[in-house]
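# Survey of secondary and tertiary structure
The residues making up each chain are set out below.
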Amino acid sequence: MGRNVVEQDYSADDYANFNRKIHDQLDTLKQVIAKPTFGQGDIYIGAELEVYLMNAQHQVSPVNLELLALLKDEQFQSELNTYNLELNLSPVKAAGKPFSQLTQEILAKFVHLNSTAAKLATRPVAIGILPTLAEHHLSNEYMTNLGRYKSLARELSKLRGEPFHIKIDGDEPIDFHTSELCTEGANTSFQVHLMTEKEQFADTFNAAQLSLPMSLAISANSGVFLGHCAWDETRVALFKQSTDSRMPDHNNWREPARVTFGHGWVRKGAWELFSETVNLYQPIMPESFPEKAYEQNPELAELNFHMGTTWPWNRPIYSPSGNGHVRIEFRALPAGPTALDMTANAAFAIGMAVGLAPKIEQYISRIPFQFAKYNFYRAAKNGLDATILWPQNYQNKPVEVPIKNVIDEMLLIANDGLSALGVSCEERDKYLQIIQKRLSVGVTGGHWAKKTLMHLRKTLPNDKACEKLLEIYYANQLEGQPISEWYRCWQ
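This report concerns the structure included in the present document. Along every chain, residues carry numbers that run from 1 in the direction the sequence is written. In keeping with the model being predicted, local features are shown solely for residues with a pLDDT of at least 70 and side-chain atom pairs are shown and tallied solely at 80 or more, while totals for entire chains, interfaces and linings include all residues. Excluded from the side-chain calculations are hydrogens and water; all other atoms, namely the structure's heavy atoms, are used.

### Here we look at the overall build of the chain
Our working rule: Helix and strand assignments come from DSSP, with helices taken as H or I runs of at least 4 residues and strands as E runs of at least 2, each series counted from the N terminus. Computation of the radius of gyration draws on C-alpha atoms alone. For the globule rule, the value is 2.2 Å times the number of residues to the power 0.38. The buried label goes to any residue with under 20% of its type's maximum accessible area, the exposed label to any with over 50%, and the partly exposed label to all in between, with areas taken from a 1.4 Å probe on protein chains only. Calculation of accessible area relied on Shrake-Rupley with a 1.4 Å probe; when residues are assessed, cover is drawn exclusively from the protein chains displayed.
Within the chain one finds 15 helices and 14 strands. What you see for the chain is a C-alpha radius of gyration of 22 Å, in line with the 23 Å of a compact globule of 491 residues. The principal-axis extents of the C-alpha atoms in the chain amount to approximately 65 × 55 × 50 Å. Split into buried and exposed, the 491 residues of the chain put 59% on the buried side. Here the chain has roughly 19900 Å² of accessible surface; of this, 50% comes from carbon and sulfur atoms.

### Some details on the nonpolar core
Going by this rule: Residue types Ala, Val, Leu, Ile, Met, Phe, Trp, Tyr and Cys, when buried and joined through side-chain atoms within 4.5 Å, form a set referred to as a nonpolar core.
Membership of the largest hydrophobic core comes to 161 residues, with the highest contact counts inside it found for F225 and F348. The element best represented in this core is helix 9 (residues 339-356), accounting for 12 residues.

### Some points on the side chain of S484
Basically, it comes down to this: Polar contact is the term for a pair of N or O atoms within 3.5 Å; when the atoms are in protein, one must be able to donate a hydrogen and the other to accept it, and sequence-neighboring residues count only if both atoms are side-chain atoms.
You can see S484 is positioned in the segment after helix 15 (462-479). In this structure the side chain of S484 is engaged in a polar contact, spanning 3.1 Å, whose partner is the side chain of E485.

### Notes on the packing of aromatic side chains
Spelled out, the test is: Pairing of aromatic rings covers Phe, Tyr and Trp, the last through its six-membered ring, and needs centres within 6.5 Å; plane angles under 30 degrees mean stacked, over 60 mean edge-to-face, and all others mean tilted.
For the structure on display, the rule yields 19 aromatic pairs. Here F176 and F225 contribute two aromatic rings whose centre-to-centre distance is 6.5 Å and whose plane-to-plane angle is 45°, an arrangement assigned as tilted. Taken as a pair, F176 in strand 7 (residues 174-178) and F225 in strand 9 (residues 224-225) lie far apart in primary sequence, 49 residues in all. The residues F176 and F225 share a single accessibility class, namely buried. For the ring pair Y473 and W486, a centre distance of 5.3 Å and an interplane angle of 80° mean the geometry is edge-to-face. Remark: W486 occurs in the segment after helix 15 and Y473 occurs in helix 15; sequence separation between them is 13 residues. There is no split in this pair, since Y473 and W486 are both buried. These aromatic residues form a ring-pair network of at least three members: F239, F261, W265, W311, W313, F369, F376 and Y377.

### Some remarks on the pairing of strand 8 (residues 190-196)
Most of strand 8 is tucked away, with 7 of its 7 residues classed as buried. Residues of strand 8 alternate between two faces, with F190, V192, L194 and T196 on one and Q191, H193 and M195 on the opposite face, all of them buried.

### Let's talk about the environment of Q101
Mapped onto the fold, Q101 is located in helix 3 (residues 98-118). Its relative accessible area of 37% is what places Q101 among the partly exposed residues. In this structure, the C-alpha to C-alpha distance between Q101 and H325, residues 224 residues apart in sequence, is 22 Å.

### Notes on the packing of helix 5 (residues 201-219) against helix 9
Stated precisely, the cut-off is as follows: Only the stretch in contact is used when fitting a helix axis, every axis being a line fitted to C-alpha atoms; angles between N-to-C directions are given from 0 to 180 degrees. Should the near helix be turned counterclockwise from the far one by less than a right angle, the crossing is left-handed, whereas a clockwise turn marks it as right-handed. Here a residue-residue contact requires only that any non-hydrogen atoms of the pair lie within 4.5 Å. Here the nonpolar group is Ala, Val, Leu, Ile, Met, Phe, Trp, Tyr, Cys and Pro; Asp, Glu, Lys and Arg are the charged ones; every other residue, Gly included, is treated as polar.
Contact geometry for helix 5 and helix 9: axes closest at 8 Å, N-to-C directions at 150°. For the crossing formed where helix 5 meets helix 9, the hand is right-handed. Contact residues: helix 5 offers T204, A207, A208, L210, S211, M214, S215, I218 and S219, while helix 9 offers N345, F348, A349, M352, A353 and L356. A per-class count over the contact of helix 5 with helix 9 returns 10 nonpolar, 5 polar and no charged.

### Considering the packing of helix 9 against helix 13 (residues 425-441)
Two packed helices can be described by the angle between their axes and the distance between those axes. Basically, it comes down to this: When an angle is under 35 degrees it counts as roughly parallel; over 145 it counts as roughly antiparallel; between 65 and 115 it counts as roughly perpendicular; any other value is oblique.
Where helix 9 contacts helix 13, the axes come no closer than 8 Å and their chain directions differ by 100°. Taken together, the axis directions place helix 9 and helix 13 in an arrangement best described as roughly perpendicular. Along its contact with helix 9, which presents L340, D341, T343, A344, N345, A347 and F348, the element helix 13 presents K430, Y431, L432, I434, I435 and R438.

### Topic: the pattern of salt bridges
Rules: Whenever a carboxyl oxygen of Asp or Glu lies within 4 Å of a side-chain nitrogen of Lys or Arg, that contact is scored as a salt bridge.
In the structure shown here, the tally under the stated rule is 18 salt bridges. Residue R331 is joined to E329 by a salt bridge in which the shortest nitrogen-to-oxygen separation is 3.4 Å. Assessed through its relative accessible area of 2%, E329 is described here as buried. Among the charged side chains, a salt-bridge network with shared partners connects D9, R154 and E155.

### Overview of the pairing of strand 7
What counts, and what does not: Here, a strand pair is defined by DSSP locating no fewer than two bridges between the strands.
The side-chain alternation of strand 7 yields one buried face, formed by I174, F176 and T178, and one unburied face, formed by D175 and H177. Sheet topology places strand 6 (residues 164-168) next to strand 7; 5 bridges connect them, and they run antiparallel. Each bridged residue has a counterpart across the sheet, and for H165 the counterpart in strand 7 is H177.

### A look at the side chain of N297
Among the structural elements, N297 can be located in the loop between helix 7 (271-280) and helix 8 (301-307). N297 gets classed as buried once you look at its relative accessible area, which sits at 4%. At 3.4 Å, the side chain of N297 and the backbone oxygen of G322 are in polar contact. At 3.2 Å, the side chain of N297 forms a polar contact with the backbone oxygen of N323. With residues near it in sequence (within four places) discarded, N297 still touches V32, K35, Y318, P320, G322, N323 and G324.

### A word on the state of the cysteines
Short version of the rule: Disulfide assignment relies on a single distance test, namely cysteine sulfur atoms paired within 2.5 Å.
Applying the stated rule across the entire model yields 0 disulfides. The thiol of C466 is unpaired, and the distance to the nearest cysteine sulfur, on C229, comes to 7.8 Å. The buried category is assigned to C466, whose relative accessible area is 4%.

### Let's talk about helix 12 (residues 403-420)
Applied cut-off: Expected helix span is computed as 1.5 Å times (number of residues minus one). Bend angle per residue: angle between axes fitted to the 7 residues ending at that residue and the 7 residues starting there.
Given a rise of 1.5 Å per residue, 18 residues ought to cover 26 Å, and the 25 Å separating the end C-alpha atoms of helix 12 matches this to within 8%. At L411, helix 12 is bent by approximately 30°, the largest bend along its length. Listing the buried residues of helix 12 in full gives I403, V406, I407, M410, L411, I413, A414, G417 and L418. Two residues or fewer after helix 12 comes G422, characterised by a positive phi angle close to 90°.

### A short note on the environment of K381
With respect to the helices and strands, the residue K381 is situated in helix 11 (residues 369-382). We classify K381 as partly exposed; its relative accessible area is 28%. With sequence-adjacent residues up to four places away left out, K381 is seen in contact with D169, W231 and D232.

### Topic: unusual backbone geometry
Note the cis peptide between G336 and P337, where omega equals -5°. Turning to its location among the elements, P337 is positioned in the loop between strand 12 (325-330) and helix 9. Backbone geometry at K72 places phi at a positive 50°, although glycine is not the residue there. With respect to the element layout, K72 can be found in the loop between helix 2 (64-71) and strand 2 (76-78). Relative accessible area serves as the criterion here: at 74%, K72 is assigned to the exposed category.

Here is the structure:
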């Protein structure tokens, strides 16, 4: 979806040609992955950080294209909404100190971003959802003026045929209808990429799916939406509902959502996930691209573009560069609270996926896929207070256990996984200790935001309390200490 697209109306022939092309490219991909040299080489980790832009009054600052023009840095890219930007970090080798390298690049890029944004009276802030966001900020008035966003909004709305229904339960329920895709842009994330050997892909992807509730619960940072204390990771519910193009009760079988946890455990390898997407999701933007030349592999541009119009929480990505590779994109981690928090979240998620992979059969034989999906949504809603279904010794029925206990168990597995990737002992200790400390104090960004807002409401009206919350959050983010060290005013 990062490609430049000219806004246009698509014909029936456009859809038919695109559909044939992605099916042909799917067959080609199978042959490419089967090549003996495919995926050979060093393992790399990458990441993309989406950020909010706010003004001095802690409201959104819709200046992303103006800011990009001033930044003159291709690692910064536009996002759907005019008050968001994306920073594409440089890939780093998994061996050694990858998370320190990512942390240092985030901090260095933010020095440039902060000083440049100040010229537009704007401050960048990394947070899953901005607490001061108002419903009018979700209108298409705030959509970035680029063809790909306008086309996406038009085509999703056309499929849906009626307004999207946003309904999020909790202590302070949220319920409204909207025809605007910009609601999806309220969600910002820290998307992490892990190159994966093709022979290990199925086990590693399944391990990433199984462990996703733990990484989500410990990293939650989207506790407030439209002034309401919602889920600890509200992005999960909001993203799914704000892009749900399915017509309600359109048929007797349930169509797959374009934002999804997935449809089952992977059986053999990455290719089946590409096949699943091609065969389950109709094209919504049938674009055609000139073939870019690579030394060894075809680009498969249309197939990759189609993959980018579905948003599973873990997604496979094909790259034709070099020998070619497939990688896992971990899409559920939120932006913020600090660079150290985000890279620690990445270390924990990647470590669990790689550490669980060799023993994944022992787990998925005892956890049906629907239980893993259940765990994911429980973690999103309740964070570290969630209970999940997890296998026990001598088990004869499903048993719910506190997710905190499972996260504690997973720290050793994550350490093993990072060690297998060649991450240094010092690096593993540094970043997993950030997770351990957060677990011990029981405070994530989402929990901190909700508790802080409830405390501020005692002396301030809700809108002013949200502004004060964001003021405190931003000051803490600039200081850079992990969330476990932030002052907790409610205690």
